Amino acid sequence: MKSLLLISTIILASLAFSVVFYSEGQALQKIDSLANIISSLAALTTLFLALLLYNKFGIENKLLNKNLQTVTEFLKEVSNIRLLFDSDNQLIPFTPSQKDFYRKEKSLDQDNTVVFQKEYLTMLAPVLSYINNPFFPKSIARTLKELEIQHVRSVSKEILERKNTLKLIVVYKPPKTRKDLYLSLSEEPMTYQSYINKWESVMIQTQKWLRKHSSYRREINLDFIK
């Protein structure tokens, strides 16, 4: 639209000037015609600039503000996530929105298998709902999709008792007994390193998007975003 209007304006101006200078008539009439043409071109130029500014500061700006609002709401949901890794009765806290944890907890084997307390599904649902939000940036949604539940099956007692099994516990809903239900949420066993990397990718992509589209990211009260 903008390119078409600009090209049309240039062509019309060229034609108009040609008609004036190559047509018959008195010099005074030519000057009068030229003045009318200049006035018309000025009006077209004003319209062209108005459309440019409206597009830049109107529709696009409104959409960007909606994107930013959605990302902010998403981060609020992520900041509410509080988890614990239970490894042989050693409890290690994990908050996805905090940067420090991603330096990797050295006391845990990166290849340990993660199983999930059943309440994890309820906790994660509001976060995963952003994948299909039309105002959620695609770049973040692609990484968030890696955390989607692929497959749900209960974990046997034998697997739970293995030394390389990490139980992921929701902090606000600690297990009442050691017989609480734990689940596997993927076709293949999910390792500790794989799970942490998925969250880290989500947070890094969110950070990149905010750095590109918002100058107020430093005001967001999350360690990972600053």
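Everything below is about the structure shown above.
Now for a quick tour of the structure.

### Let's talk about the sheet that holds strand 1 (residues 83-87)
Where strands meet in a sheet, backbone hydrogen bonds hold them as pairs that are either parallel or antiparallel.
No. 1: If you trace the 6 strands from one edge of the open sheet to the other, you get 2-1-5-3-6-4, paired in mixed fashion. At either end of the open sheet lies a strand with only one pairing partner, and these are strand 2 (90-94) and strand 4 (153-154).
No. 2: By the bridge criterion, 4 bridges tie strand 1 to strand 5 (residues 165-170) in an arrangement that is antiparallel. By the bridge assignment for strand 5, Phe85 is matched with Leu168.
No. 3: Set on the sheet, helix 6 (residues 192-213) makes contact with strand 1, strand 2, strand 3 (113-117) and strand 5; between it and strand 1 the angle comes to about 170°.

### Notes on the environment of Glu73
No. 1: Inspection of the secondary structure puts Glu73 in helix 2 (residues 27-79).
No. 2: Taking relative accessible area as the criterion, Glu73 reaches 36% and is therefore assigned partly exposed.

### Comments concerning the pairing of strand 2
No. 1: By the bridge criterion, 5 bridges tie strand 1 to strand 2 in an arrangement that is antiparallel. Pairing of Leu83 across the sheet is with Phe94, part of strand 2.

Basis of the calculations
- Residues numbered from 1 in each chain as written.
- Predicted model: local features only at pLDDT ≥ 70, side-chain atom pairs only at ≥ 80, totals over all residues.
- Heavy atoms only, no water.
- Pairing = 2+ DSSP bridges.
- Helix = DSSP H or I, 4+ residues; strand = E, 2+ residues; numbered from the N terminus.
- Contact = heavy atoms within 4.5 Å.
- Axes fitted to C-alpha atoms, helices over the stretch in contact; angles between N-to-C directions.
- Buried < 20%, exposed > 50% of the residue type's maximum accessible area, 1.4 Å probe, protein only.

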